[in-house]
Amino acid sequence: MMTNTSEPTTPETAGVVLDLDGTLVDSVWQHVVAWQAALAAAGHDVAQARIHAGIGMGSDRLVPWLLGDDVDDAADIAQDHTRRFLDLSSSLRPTRGAHALLADLERRDVPFVVATSAGGDERSRLLEVLGRSDLPVTDAEEVDSSKPAPDLVLAGCRQGGFAPDSARMVGDAPWDAVAAVRAGATAIAVRCGGFPDAVLREGGATRIVDDPAELVGQL
């Protein structure tokens, strides 16, 4: 039974904001491949390492970050990425400990919300892979600005009924950590997105673990 309801907790209650892509679902490689193919189809040759460095941003930010602000076909590239990503989605799997962490938070009545830059079909597919379409979720389609802006983290805190300064944000990308810090929350990073510790710390992560399994009982 879900413990997260729309009824707000007291402001002093600590809560958790969880990233989805790369944190609860092992999806970073599929995103990189899909982005590279979509960019190439539009005539843009971008190295996988460069694309990976931007994973975690919303697509509205990633394409300009890669190609500049004057790209006319950014929306078309993002749409093509989504199509290609969904084509690769049969290889998606939950990360190690994702289910155990969710079950632990529910068992201990820790309020939490999933905040993801993925929207629409991507979000639905990720939750389907996770097998948890019942989770409380906010995504980039519901806020003005995607990560690394703080909007998603703040929206997650509001939805969960806890204050940002009492929240822990768990994410796999430095952009998750940047968003958390900007929102006034504590940033915790997992390595399963493939980002170096130094990059995660530079983003603002105060703690780094291998995967969600290491956070069971710790949040």
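Preceding this paragraph is the structure being described.
Cut-offs applied
Residues numbered from 1 in each chain as written. Predicted model: local features only at pLDDT ≥ 70, side-chain atom pairs only at ≥ 80, totals over all residues. Heavy atoms only, no water. Helix = DSSP H or I, 4+ residues; strand = E, 2+ residues; numbered from the N terminus. Rg over C-alpha atoms; globule rule 2.2 N^0.38 Å. Contact = heavy atoms within 4.5 Å. Areas by Shrake-Rupley, 256 points an atom, 1.4 Å probe, with all protein chains shown as cover. Lys, Arg positive; Asp, Glu negative; His and termini not counted. Charge placed at Lys NZ, Arg CZ, Asp CG, Glu CD. Buried < 20%, exposed > 50% of the residue type's maximum accessible area, 1.4 Å probe, protein only. Pairing = 2+ DSSP bridges. Salt bridge = Lys/Arg side-chain N within 4 Å of Asp/Glu carboxyl O.

**Student:** Explain the overall build of the protein chain here, please?
**Tutor:** When you go through the protein chain residue by residue, the secondary structure sums to 9 helices and 8 strands. For a compact globule of 219 residues, the expected C-alpha radius of gyration is about 17 Å, and the protein chain comes in at 16 Å, within 12% of that figure. Dimensions of the protein chain, computed from C-alpha atoms along their principal axes, come out at roughly 50 × 30 × 30 Å. Across the protein chain, contacts joining residues at least 24 apart in sequence account for 66% of those joining residues at least 6 apart. Here the protein chain displays about 9,500 Å² of accessible surface, and carbon together with sulfur accounts for 48% of that area. Of the side chains in the protein chain, 18 bear a positive and 34 a negative charge, and the two mean positions are spaced by 6 Å.

**Student:** Honestly, the pairing of strand β6 (residues 167–171) in this entry has me stumped. Any pointers?
**Tutor:** The side chains of a regular strand alternate, residue by residue, between the two faces of the sheet. In terms of residue burial, β6 counts as a mostly covered element, since 5 of its 5 residues are buried. Where strand β1 (residues 15–18) and β6 come together, 4 bridges link them in parallel fashion. Bridge pairing in β6 places valine 17 opposite methionine 169. For β6 and strand β7 (residues 186–190), the ladder comprises 4 bridges, and the chain directions are parallel. For glycine 171, the partnering residue across the bridge sits in β7 and is alanine 189.

**Student:** It is not clear to me how the pattern of salt bridges should be interpreted in this structure. Could you clarify?
**Tutor:** Two side chains carrying opposite charge are able to pair once their charged atoms lie near each other. Scanning the model with the defined rule gives 15 salt bridges in all. Aspartate 211 is paired through a salt bridge with arginine 96; the nearest N and O atoms lie 2.9 Å apart. One end of the pair, aspartate 211, is in the segment after β8 (207–209); the other, arginine 96, is in the loop between β3 (93–94) and α5 (98–107), and 115 residues separate them in sequence. With a relative accessible area of 10%, aspartate 211 lands in the buried category. Given the relative accessible area of 56%, arginine 96 is considered exposed.

By themselves, these observations are geometric and do not establish any function.
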